[in-house]
Amino acid sequence: QVQLVESGGGLVQAGGSLRLSCAASGRTFSRYTMGWFRQAPGKEREFVAAIRRLRGTTYYTDSVKGRFTISRDDAEATVYLQMNSLKPEDMAVYYCAAMAADSSSTALLATPRTYQYWGQGTQVTVSS
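Attention here is on the structure that accompanies the text. (Residues numbered from 1 in each chain as written. Predicted model: local features only at pLDDT ≥ 70, side-chain atom pairs only at ≥ 80, totals over all residues. Heavy atoms only, no water.)

Our focus in this paragraph is the overall build of the protein. Helices and strands together make up the secondary structure of the protein, namely one helix and 11 strands. Listing every helix and strand of the protein by position from the N terminus yields β-β-β-β-β-β-β-β-β-α-β-β. Compactness check: the protein gives a C-alpha radius of gyration of 14 Å against a globular reference of 14 Å for 128 residues, within 12% of the reference. Per-residue burial for the protein yields a buried fraction of 41% across its 128 residues. In the protein, once contacts between residues fewer than 6 apart in sequence are set aside, the share between residues at least 24 apart is 59%. Carbon and sulfur atoms provide 46% of the accessible area of the protein, an area that totals close to 6700 Å². A gap of 4 Å separates the mean positions of the 14 positive and 10 negative side-chain charges of the protein. (Helix = DSSP H or I, 4+ residues; strand = E, 2+ residues; numbered from the N terminus. Rg over C-alpha atoms; globule rule 2.2 N^0.38 Å. Buried < 20%, exposed > 50% of the residue type's maximum accessible area, 1.4 Å probe, protein only. Contact = heavy atoms within 4.5 Å. Areas by Shrake-Rupley, 256 points an atom, 1.4 Å probe, with all protein chains shown as cover. Lys, Arg positive; Asp, Glu negative; His and termini not counted. Charge placed at Lys NZ, Arg CZ, Asp CG, Glu CD.)

Attention now goes to the nonpolar core. Counting 28 residues, the largest nonpolar core has Met34, Trp36, Val79, Leu81, Met83 and Tyr94 as the members making the most contacts within it. Elements with a contribution of two residues or more to this core: β3 (18-24), β4 (33-39), β5 (46-51), β7 (68-73), β8 (78-83), β9 (92-99) and β11 (122-127). Phe47, Ala50, Leu109 and Tyr115 belong to the second largest nonpolar core, which has seven residues in total. (Core = buried A, V, L, I, M, F, W, Y, C linked by side-chain atoms within 4.5 Å.)

Scanning the entire structure with this criterion turns up five salt bridges. With a closest N to O distance of 2.8 Å, Arg67 and Asp90 form a salt bridge. With a gap of 23 residues between them, Arg67 in the loop between β6 (58-60) and β7 and Asp90 in the loop between β8 and β9 connect regions that are remote in the sequence. For the pair shown, Arg67 and Asp90 are each scored as buried. (Salt bridge = Lys/Arg side-chain N within 4 Å of Asp/Glu carboxyl O.)

A few words on the packing of aromatic side chains. Counting across every chain of the model gives five aromatic pairs. Ring geometry for Tyr115 versus Trp118: centroids 6.1 Å apart, planes at 65 degrees, classification edge-to-face. Taking relative accessible area as the criterion, Tyr115 reaches 4% and is therefore assigned buried. By way of ring pairs, the aromatic residues Phe37, Phe47, Tyr115 and Trp118 are connected into one cluster. Over the ring of Tyr95 we find Arg45; its NZ or CZ atom is 3.9 Å from the centre of that ring. Over the ring of Trp118 we find Arg45, and its NZ or CZ is 5.0 Å from the ring centre. (Phe/Tyr/Trp six-rings, centres within 6.5 Å; stacked < 30°, edge-to-face > 60°. Lys NZ or Arg CZ within 6 Å of the ring centre and 35° of its normal.)

Inspection of the secondary structure puts Arg45 in the loop between β4 and β5. Arg45 sits in the partly exposed class, given a relative accessible area of 31%. Excluding anything up to four places from it in sequence, Arg45 contacts Phe37, Arg38, Gln39, Tyr95 and Trp118. At 3.3 Å, the side chain of Arg45 forms a polar contact with the side chain of Gln39. (Polar contact = N/O pair within 3.5 Å; in protein donor to acceptor, adjacent residues only side chain to side chain.)

Now for the pairing of β9. For a regular strand, side chains alternate in direction, first toward one face of the sheet and then toward the other. Counting buried residues in β9 gives seven out of eight residues, a clear majority hidden from the surface. Alignment of β4 against β9, held across seven bridges, turns out to be antiparallel. Bridge assignment links Met34 to a residue of β9, and that residue is Ala98. Direction of pairing for β9 relative to β11: antiparallel, over a ladder of three bridges. Bridge assignment links Ala92 to a residue of β11, and that residue is Val124. With two bridges connecting them, β9 and strand β10 (residues 117-118) associate as antiparallel partners. If you follow Ala97 over to β10, its bridge partner there is Trp118. (Pairing = 2+ DSSP bridges.)

Just geometry here; none of it tells us what the structure is for.
Shown next, in the form of structure tokens:
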């Protein structure tokens, strides 16, 4: 069972940048597809970005394309989310997630139930 620990959240001014990190336990990190989700108060959990295992193909929700970048360091067993040009609407709790099996469907990558393991989340606050 993999353990996920997020870090890097905090308060940032609109237009600023923040980098989230998610550290995974175990020596099989490279076998997992990793994802980032976020949830604002009163909202459903929303897909943000994902990165596949092996080739590292990336996917983003439209609202963050060009601003956010997901990456992974398999040697460090860590996935990152670089967030630039932050907006107040980006304010949410951000969750790291891992799935053991890859999917042929990109839609499933954006579906929370596809992921088996979740971190506890890290708060991102954006001030105007």
